[in-house]
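Chain and residue survey
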Amino acid sequence: LKVCGKGGGFDKIVQVYNAEDLFNALKTAEYDVIVVDPRKEHGFGMDTVLKVQDTFNKQRILIISDVSDEDKVLQILERGVQGYLTYECDEDEIIHAIFSISKGEKFYCNKVLDIVFNKHLYKKTEDNCDATSLTSRETEVACLIAKGNTNREVAEHMYLSPHTIHTHRKNIMKKLGIRSASELTLYAVSTGLIEA
């Protein structure tokens with residue numbers, strides 16, 4: 001999908017039915033968002049999504065799929081997919097997701113957020129009974145990163161060095177058992193640190 005800058009619609013929509021056609025389309029033109037249903041019977045799989053990320057690392061992706069296999073959902077989210085909806089999401093939510101992702105935002109439906117929240121809740125229960133606590137500075141850093149800011153942008157916002165932010169980021173990831181900025185975003189939304 002190529003999203004209009006001013007008109008509120010789409011400049012270009014290309015529909016493909018297999019991975020080969022998808023990669024050919026991405027090689028010949030730029031798209032704001034690609035929408036994928038990663039089911040092999042539809043000509044796509046999770047491996048297709050991962051290959052798109054590796055080959056076109058700036059390409060924004062919206063997954064619309066089921067969430068029956070929670071491990072697969074988490075695997076793809078940990079790779080930094082910008083959006084994930086389920087088949088139960090209505091047309092308005094899909095359109096909202098497309099426009100949000102095209103502007104560089106992330107968009108996940110509540111069922112997907114529940115999977116991430118339950119994973120962290122279970123992990124903390126299994127590991128120990130101690131509450132995970134972030135300092136006020138770490139919470140501020142976490143919120144800014146979860147909103148899509150880079151280390152440098154967070155550093156400028158907080159008047160700190162990028163190295164200091166990098167250190168805070170490592171500590172936050174370790175405390176929360178998180179491995180990616182995308183997972184941090186999901187955690188921040190599901191725990192109320194930032195609004196969905």
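Now for a description of the structure that goes with this document.

Once that is clear, we can look at the side chain of D37. With respect to the helices and strands, D37 occurs in the loop between β3 (34-36) and α2 (46-55). D37 sits in the buried class, given a relative accessible area of 18%. Only 2.8 Å separates the side chain of D37 from the side chain of Y87, close enough to count as a polar contact.

The subject of this paragraph is the sheet that holds strand β4 (residues 61-65). Note: strands within a sheet are paired through backbone hydrogen bonds, in either parallel or antiparallel orientation. Strand order across the open sheet formed by 4 strands is β3-β4-β5-β6, with parallel pairing between neighbours. Every interior strand has two partners, whereas the edge strands, β3 and β6 (107-108), have only one. Note: strand β5 (residues 83-86) against β6, 2 bridges, orientation parallel. Within β6, the residue paired with Y84 across the bridge is Y108.

Here the focus is the layout of surface pockets. Taken as a whole, the largest pocket spans an internal volume of roughly 520 Å³. Residue lining of the largest pocket: 21 residues in total, with V14, Q15, V16, V35 and V36 positioned closest to the centre. Mapped by element, the contributors of at least two residues to the lining of the largest pocket are α1 (19-28), β3 and α4 (91-102). A per-class count over the lining of the largest pocket returns 18 nonpolar, 2 polar and 1 charged.

Alternating positions in β5 separate into two faces, G83 and L85 on one and Y84 and T86 on the other, with burial throughout. Two strands pair when backbone bridges link them, and β4 and β5 are joined in this way by 4 bridges, in the parallel orientation. Of the residues in β5, the one forming a bridge with L62 is G83. On the question of chirality, the crossover connecting β5 to the parallel β6 by way of α4 is left-handed.

Attention shifts here to the pairing of β4. Within β4, 5 of the 5 residues are buried, which leaves the element mostly enclosed by the surrounding structure. Side chains I61, I63 and S65 project from β4 onto one buried face, and the interleaved L62 and I64 project onto a second face that is buried too. Taken together, the 3 bridges between β3 and β4 define a ladder with parallel strand orientation. The residue bridging V35 from the neighbouring strand is L62, located in β4. Following the backbone out of β4, through helix α3 (residues 70-78) and into the adjacent parallel β5, one traces a crossover that is right-handed.

Here we come to the packing of α2 against α3. Helices that pack against each other are described as a pair by the angle of their axes relative to one another and the distance between those axes. Two elements in contact, α2 and α3, have axes whose closest approach is 11 Å; the angle formed by their N-to-C orientations is 10°. Viewed along their axes, α2 and α3 adopt a mutual orientation that is roughly parallel. The segment α2 lies against α3, with M46, V49 and L50 engaging K72, Q75 and I76.

Cut-offs used in this document
Residues numbered from 1 in each chain as written. Predicted model: local features only at pLDDT ≥ 70, side-chain atom pairs only at ≥ 80, totals over all residues. Heavy atoms only, no water. Helix = DSSP H or I, 4+ residues; strand = E, 2+ residues; numbered from the N terminus. Buried < 20%, exposed > 50% of the residue type's maximum accessible area, 1.4 Å probe, protein only. Polar contact = N/O pair within 3.5 Å; in protein donor to acceptor, adjacent residues only side chain to side chain. Pairing = 2+ DSSP bridges. 1 Å grid on protein atoms, 1.4 Å probe; cavity = no way out; pocket = protein on both sides within 12 Å on 5 of 7 lines; lining within 4 Å. Points joined across faces, edges and corners; volume = space filled by probe spheres on them. Nonpolar A, V, L, I, M, F, W, Y, C, P; charged D, E, K, R; others polar. Right-handed = clockwise from strand over helix to strand, strands pointing away. Axes fitted to C-alpha atoms, helices over the stretch in contact; angles between N-to-C directions. Parallel < 35°, antiparallel > 145°, perpendicular 65-115°, else oblique. Contact = heavy atoms within 4.5 Å.

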